[in-house]
Amino acid sequence: MPEINDIPCNEYLKECENDEVVGANNSINPHWDILFKNVQNIGYAALDSRQSDLNWYLSENGVTYNVYNDPNGLNRPWNLNAIPSIVEAREWETIEKGIQQRAELFNLILKDLYGKRELIKKGIVPQEVIYSHRGFIRQCDQIEYTTAKQLQIYAADIARGPDGRMWIYSDRTQAPSGMGYALENRLTIGRVLPELSNGIEVSRLSSFFQHFDNLLIDASPRKIDSPTIVVLTPGPLNETYFEHAYLASHMGYPLVQGNDLVARDGYLWMKSLKGLKQVDVVLRRVDDLYTDPLELREDSQLGVPGLLEVVRQKHVSILNPIGSRVLENPGLIPFIPGIAKYFLNEKLILPQVASWWCGQEKERKYVLDHLSELIVRLIDRPFNDSVFYGYEMNPQDLQLLRAQILERPYRFVAQERIGFSTTPTFINQKLEPRNMAVRTFGIATKNGYEIMPGGLARVAPGIGNSIVTNQTGGLSKDFWVVGKEPDDHKARFSLARPTNTIEASLDDLPSLTAENLFWAGRYVGRALSTSRFLRMVLKQMSFTNFNERKPTEKSLDVLFRAVTNMTCTFPGFVGDEPIENPVKEIYSVILDADRDGSLAHTMNMFFNAYFSIRNLWSSDMWRVFGRINTIWSEIESEGNVTTRRLIQVLDQLITRLIAFMGLVEESILIDQGLLLYFVGLQLELSNLNISKCRSLLVVKYDGQVEYEILESLLNSHESLTIYRHSYRSYIKIENVIDLILLDQKYPRSVAYRFNRLNKDLAVLPQSSASHELTNYEKSIFSGFSKLRLATRDELSRAEEETSIRENLDQLLSELSDLLFKASMSITTTYFSHSYQQNQLVNQSFDE
Amino acid sequence: MIFQVIHKTTYKYDNFVSYCHNMATLRPRDLSGQKLLDFKLDIEPSPSEINERTDFFGNYLTRFSIQEPHNELIVSSKSIIERDFNSIVASYNSSNCRMVTMSSAIDQLKTQLTADCLNARQYLLESPLIRKVSPVIKNYGTESFQPNRSVFDAAKELMQRIFTDFKFVPGFSDVATPLHEVFEERKGVCQDFAQIAIACIRLVGLPARYMSGYIETIPPAGQEKLIGADASHAWFSIFIPGFGWVDFDPTNNLIPENQHLVVAWGRDYYDVPPLKGVIYSNGKNEMNVSVDIREIEYDTQPQTK
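Residues numbered from 1 in each chain as written. Chains lettered and ligands numbered in written order. Predicted model: local features only at pLDDT ≥ 70, side-chain atom pairs only at ≥ 80, totals over all residues.

1. Section: the overall build of chain B
Inference 1: A count of helices and strands for chain B gives 8 helices and 14 strands.
Inference 2: Projected onto its principal axes, the C-alpha positions of chain B cover 60 × 50 × 45 Å.
Inference 3: When the 305 residues of chain B are sorted by exposure, 43% land in the buried category.
Inference 4: Counting only contacts in chain B whose residues sit at least 6 apart along the sequence, the fraction spanning at least 24 positions is 77%. (Helix = DSSP H or I, 4+ residues; strand = E, 2+ residues; numbered from the N terminus. Buried ≥ 20, exposed ≤ 12 C-beta atoms within 10 Å, placed from the backbone. Contact = placed C-beta atoms within 7 Å.)

Below, the structure written as structure tokens:
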């Protein structure tokens, strides 16, 4: 055992056999020595608190990894271990060459498989390895890209084998994830634990990302200065959605979903607020088969019908090309050396895991004879549920596996079991050896492949557990290539674009993002307005408001009915059946998430809308959003909730919603779509004000009751103080109507909001296109005129016989209709993807 | 013989369709014994884009988009096809067709690296609609396919058995009906019978492909009209190493001669649907297909002016 002075490190080394720390001749690798000293200087106790800082930092920044079917729901926090793993630059040089060689090989294979298919014709690769792989997409036959390389992005999963060399154990070619996490890990460690790298020269990632940016720009088939580049995501439910949003916002490209794009006239277009904008390059995170429901999976809602034809006509580049999943194929591994010889006349630089493809007789016999020692995989199913660990299986299951292999031998590959190296991992205040795997990336350049000098390291969740994936909840690590002299001439990380970049403008806003912002505005408005009203009602019910004066039965009844009307939770208090237990009903309107219109339901919609546009958020917004989420999940998990507790929760919710709204306004630019948020917010608040007034003001009540209702209205509207200040009088209906509806200087009045909508709507792309008003502008303009033409006296006059304020009722109902029309018109003008996409013939096939 | 085929598909939509993309496999391919003399495709409303290419299997594929709002789509193809299978059918009596046993066929597939054999091997693998086939279907196939038996005879018997055992019931199944359901119920339409046969043949280790096309309409006097005449038809083809592909029609218990007209082939129906597409609309649609086949007089000489 090598000796170093640090006792804990010595103890660590006693436990390990094949560890990253130990180099040739059983010595400590010099840079690990420095890293250990840096760790020692920090001290384990301090390191532990830094680990907490790391966790806090990542969760505050919303760095998450979704796990499908996770009982904890979406957004599992990303786990980053405090101790990076290290590889020496000299060794990395060889690894880099090996990955470059392999990336080039896969590029040539891809080109061949969808082109001449010489590998198959000449018998270098058995056709079954390709043709029975579900990632071989016959519809992509003969498609060629204009780019220098067919394969643009290559990712290799590498790990150190027992012979001390780095092995390639898996290839990722479809839409490799991890690049963004690797960058975020690096930035986070640099921020929280800068002293870890004291005395160590760590290769920077900046120039790699510069290459990545160049790759995207150069991939454009149109040779123009500023091609339109988009990041295509399956949406917020995807496991690596954080990364999609992160890369999009980091590189400054729009994050879009399939619905944002349309194929037309042989080109691909992005539906933006202004209309259609031609797209040149798509960085896709949608799986191959889901990218085009016309030609590929008919049931996909994640792709763009007709996309493949645009690719065929060379009018768009998709990175990586559709069809590249066929390379994620362990069945190819045994044939890679032959392919390398055929294409490059070279030997493989990096070793790969010994693999036997069961489509061959001799190999199949070997596999069946050694089944209990091997790992068996399907050639096109990388997921853990389709991997069979022969050495962990009982005889019965082995028998079943054997039968499966014999039935369709060409679908199976067996691999030898390899013990990969461990790396020091900071767990429970000490260092533990954990098995490690690293994913690193290659990017096509004009001359070859540029390899990321680093990567995303992942370590096993437990000691002796060699299965390393994120899906099963592993830890990640920063991965350092160390000891290389820095290239001073290379700039620090900044996306210095070679050409003029266009300024983002509202015109280019993807319509799905615009719609999400619009609804975000509507839901936040509804959440706030509803919370305030419900809080007021709860206070009335518990007599805690207004100097403990007990409200009349009658006024409470009117308020209850207003609750139902505002939230549209019919029948509620307005149904034919009287509600026997109003408390229970109010609780349900607040807490029952399954009830449309309830506050809980509104909050869920609010969470969804915000989550879908997370690439626009600042970290402060994420933090406040997190707090809102916490309050809400706490109350949802509590059993018996008291009225007092509910009021307290609503208080907290209201405060944070307001904080959140403030942050939205200062964090998102109008051109990024904030305008749509405002439009949504104002529409919703106007709408709810009108609904509230219709419930509370249209019917004239007698003295005390009317007073109580007016006071409640002002109270829920946060306008009581303003009222007292402005009118210095007893609360009267004329003044209330004046303040809440007509006062165009008061920001909470309906007139003010209509005026504001008038101005905001005028900025939207279609509005400024002509001198005529658009339909949505007409509705709002007409509403505003009606408010301006109305007088408080006419509005407050009630019919003698019916006690109904007819004029008020009519105005409010007209305004309500106009708002609805405006909202519909905005939706059809700008969010046109709301057209449903359907199959002509219903076909669906399980994969 | 020369045939004119008019294949008309009409879609009626409840709501207007603002935009649609479609793919049609309607232009018949040429093959030994069959030649396309003329082809015309009419689409209403008229497409804003239309183009044609050959697919992975060598079939013609037409892709088109319609941009104007419409509530009815009519796709109508007119093909003039010359079909002369007499000498091909006669060659089925040759020994290199009849005498190939199953075990020798399997052996030749492994060892013969001819282009034909290599190409045929892809039809051994499971395909989108024919996979995870249950052992009962395999057993059904094994009854006919015995190692020392002639592949041709076995395939012919399989065709006869499917014809006898299965009932032709239109509407019982659709594209998405799983194979085992068709098998258990012993009911279906031509594409189901073709796919059952293909499943059986692949499971015994021989290549089989799905044939899509038409069958002549007018029944000879006093005979029943053949099934599958009002719509597209489907049958299967089996590969006999050293000889080639031989077609069988299990729906009519016939070895296709001049009445069967091939449009396209693939691994199963999934590869060659006559028409599919994506529409942007809400609401339902109603489809109507008609196929009219007539033998015609046609001047095959190039016209001189």
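2. Let's talk about the overall build of chain A
Inference 1: When helices and strands are counted, chain A shows 27 helices and 22 strands.
Inference 2: The C-alpha radius of gyration computed for chain A amounts to 32 Å, which stays within 12% of the reference 29 Å derived for 847 residues, consistent with globular compactness.
Inference 3: Dimensions of chain A, computed from the C-alpha atoms along their principal axes, are close to 100 × 65 × 60 Å.
Inference 4: When the 847 residues of chain A are sorted by exposure, 49% land in the buried category.
Inference 5: Residue pairs in contact within chain A that sit at least 24 positions apart in sequence constitute 72% of those at least 6 positions apart. (Rg over C-alpha atoms; globule rule 2.2 N^0.38 Å.)

3. With respect to the interface of chain B and chain A
By a frequent convention, interface size equals the accessible area lost on bringing the separate parts together.
Inference 1: In this assembly, 29 residues from chain B lie in contact with 27 residues from chain A.
Inference 2: Elements that contribute at least two residues to the side of chain B that touches chain A include exactly strand S2 (19-24), strand S5 (60-66), helix H4 (115-121) and strand S13 (275-280) of chain B.
Inference 3: The leading source of residues in the side of chain B that touches chain A is S13 of chain B, at 5 residues.
Inference 4: Taken together, the residues of the side of chain B that touches chain A sort by class into 15 nonpolar, 9 polar and 5 charged. (Nonpolar A, V, L, I, M, F, W, Y, C, P; charged D, E, K, R; others polar.)

4. So, the sheet that holds strand S14 (residues 375-378) of chain A
Residues and elements named next belong to chain A.
Inference 1: The 4 strands are arranged S13-S16-S14-S15 in an open sheet whose pairing can be described as antiparallel. Two strands in the sheet have a free side with no partner beyond their single neighbour: strand S13 (355-357) and strand S15 (387-389). For this sheet, the mean angle separating the axes of adjacent strands, direction not counted, is 20 degrees.
Inference 2: The sheet contact formed by S14 and strand S16 (residues 412-415) spans 4 bridges and is antiparallel. If you follow Val376 over to S16, its bridge partner there is Ala414. (Pairing = 2+ DSSP bridges. Axes fitted to C-alpha atoms, helices over the stretch in contact; angles between N-to-C directions.)

5. Details of the domain arrangement of chain B
Residue and element names in this part refer to chain B.
Inference 1: Looking at chain B, the domain boundaries give domain 1 (2-82 + 272-295) and domain 2 (86-271).
Inference 2: Its C-alpha centre places domain 1 at a distance of 25 Å from the equivalent point of domain 2.
Inference 3: Across the boundary between the two partners, domain 1 contributes 21 residues, which contact 17 residues of domain 2.
Inference 4: Elements represented by at least two residues in the side of domain 1 that touches domain 2 include exactly strand S1 (2-17) and strand S14 (285-295).
Inference 5: Residues belonging to the side of domain 1 that touches domain 2 are distributed by class as follows: 13 nonpolar, 6 polar and 2 charged. (Domains from an automatic or database assignment.)

6. Topic: the domain arrangement of chain A
Inference 1: Domain boundaries assigned for chain A yield domain 1 (85-331 + 419-482), domain 2 (354-415) and domain 3 (512-830).
Inference 2: Relative placement of domain 2 of chain A and domain 3 of chain A: their C-alpha centres are 62 Å apart.

7. A word on the packing of helix H14 (residues 511-541) of chain A against helix H20 (residues 674-697) of chain A
Residues and elements named next belong to chain A.
Inference 1: Remark: H14 packs on H20, axes separated minimally by 7 Å, with the N-to-C direction vectors making an angle of 35 degrees. Where H14 crosses over H20, the handedness of that crossing is right-handed. Side by side, H14 and H20 meet where Ala514, Leu517, Phe518, Trp519, Ala520, Gly521, Arg522, Val524, Gly525, Arg526, Ser529 and Phe533 of the first sit next to Leu676, Tyr677, Phe678, Val679, Gly680, Leu681, Leu683, Glu684, Leu685, Leu688 and Lys692 of the second. (Left-handed = near helix turned anticlockwise from the far one by under 90°.)

8. Notes on the pairing of strand S4 (residues 153-160) of chain A
A regular strand places its side chains so that they alternate between the two faces of the sheet.
Residue and element names in this part refer to chain A.
Inference 1: Counting buried positions along S4 gives 8 out of 8 residues, so the element sits mostly inside the fold.
Inference 2: Inspection of the sheet shows S4 paired to strand S18 (residues 430-444) by 6 bridges, in the antiparallel sense. Across the sheet, Ile158 pairs through a bridge with Val438, a residue of S18.
Inference 3: Bridge count for S4 against strand S5 (residues 166-172) is 6 bridges, and the pairing is antiparallel. Each bridged residue has a counterpart across the sheet, and for Ala159 the counterpart in S5 is Trp167.
Inference 4: Connecting S4 to the next strand, S5, in antiparallel fashion are 5 residues, including Gly164 with a positive phi near 85 degrees.

9. Remarks on the sheet that holds strand S11 (residues 281-284) of chain A
Residues and elements named next belong to chain A.
Inference 1: The 4 strands lie next to each other as S7-S6-S11-S12, forming an open sheet whose pairing is parallel. In this open sheet, the two edge strands, each paired with only one partner strand, are strand S7 (255-256) and strand S12 (317-319).
Inference 2: Across 4 bridges, the pairing between strand S6 (residues 229-232) and S11 is parallel. Paired with Val230 across the two strands is Val282, which belongs to S11.

10. Describing unusual backbone geometry
Residue and element names in this part refer to chain A.
Inference 1: Across the junction of Leu319 and Asn320, the peptide omega takes the value -15 degrees, indicating a cis bond.
Inference 2: With respect to the helices and strands, Asn320 occurs in the loop between S12 and helix H11 (336-344).
Inference 3: A cis geometry characterises the amide bond from Phe570 onward to Pro571, with omega recorded as -5 degrees.
Inference 4: The topology assignment puts Pro571 in the loop between helix H15 (553-567) and helix H16 (582-591).
Inference 5: You will see that Asn428, though not glycine, has its phi angle at about 45 degrees, which is positive.
Inference 6: Within the secondary structure, Asn428 is located in the loop between strand S17 (422-427) and S18.
Inference 7: Positive phi, normally seen in glycine, also occurs at Glu718, with a value near 55 degrees.

11. Description of the packing of helix H5 (residues 135-142) of chain B against helix H8 (residues 190-203) of chain B
Residues and elements named next belong to chain B.
Inference 1: The contact between H5 and H8 brings their axes to 8 Å, and the two run at 80 degrees. Judged by the angle between their axes, H5 and H8 are roughly perpendicular. Of the residues in H8, those touching H5 at Ile137, Lys138, Tyr140 and Gly141 are Ile196, Ala199, Cys200, Ile201 and Leu203.
Inference 2: Among the residues making up the contact of H5 with H8, the classes are represented as 7 nonpolar, 1 polar and 1 charged. (Parallel < 35°, antiparallel > 145°, perpendicular 65-115°, else oblique.)

12. Brief notes about the environment of Ile153 of chain A
All names here are of chain A.
Inference 1: With respect to the helices, strands and loops of the structure, Ile153 is situated in strand S4.
Inference 2: Taking the C-beta count within 10 Å as the criterion, Ile153 has 23 such neighbours and is therefore assigned buried.
Inference 3: Along the primary structure Ile153 and Ser52 are separated by 101 residues, whereas in three dimensions their C-alpha atoms are 34 Å apart.
Inference 4: Ile153 has contacts with Pro176, Leu319, Asn320, Phe441 and Ile443, leaving out every residue within four places of it along the chain.

13. Some points on the environment of Asn15 of chain B
All names here are of chain B.
Inference 1: For Asn15, the location among the structural elements is in strand S1.
Inference 2: Look at Asn15 and you get partly exposed, because 14 C-beta atoms sit within 10 Å.
Inference 3: Spatially, the C-alpha atom of Asn15 lies 7.6 Å from that of Lys284, the residues being 269 residues apart in sequence.
Inference 4: Excluding anything up to four places from it in sequence, Asn15 contacts Ser281, Asn282 and Gly283.

14. A few points about the pairing of S14 of chain A
Inference 1: Note that S14 of chain A and S15 of chain A share 3 bridges and pair antiparallel. Among the inter-strand pairings, Arg377 of chain A is bridged to a residue of S15 of chain A, identified as Val387 of chain A.

15. Describing the nonpolar core
Within soluble globular proteins, side chains that are nonpolar tend to cluster in buried spots.
Residue and element names in this part refer to chain A.
Inference 1: Ile158, Val230, Val231, Leu268, Val282 and Cys358 are the most contacted members of the largest nonpolar core, which has 139 residues in total.
Inference 2: Ranked by the residues each element gives to this core, the list is headed by helix H4 (residues 89-113), at 9 residues.
Inference 3: Both domains that meet at this core, namely domain 1 (85-331 + 419-482) and domain 2 (354-415), each give it at least three residues.
Inference 4: Discounting residues that sit within four places of it in the chain, Val230 has contacts with Tyr253, Pro254, Val256, Met270, Val279 and Val282.
Inference 5: Within the second largest apolar cluster, 96 residues are counted, among which are Val624, Ile628, Leu646 and Ile668. (Core = buried A, V, L, I, M, F, W, Y, C linked by C-beta atoms within 7 Å.)

16. Here's the deal with the environment of Lys284 of chain B
Inference 1: Along the chain, Lys284 of chain B turns up in the loop between S13 and S14.
Inference 2: Through-space distance from the C-alpha of Lys284 of chain B to that of Tyr13 of chain B is 6.0 Å; in sequence the pair is 271 residues apart.

17. Some words on the confidence of the model for chain A
All names here are of chain A.
Inference 1: Within chain A, residue pLDDT values average 87, and 91% of them lie at 70 or more.
Inference 2: Element-level pLDDT for chain A is lowest in strand S2 (residues 76-77), with a mean of 68, against a maximum mean of 98 in H11.
Inference 3: In the predicted structure, residues 67-74 sits below a pLDDT of 50 and forms 6 contacts with residues beyond four places in sequence or in another chain.
Inference 4: This stretch, residues 489-502, has a pLDDT under 50; its non-local contacts, to residues over four places away or in other chains, come to 15 contacts. (pLDDT = per-residue confidence, 0-100.)

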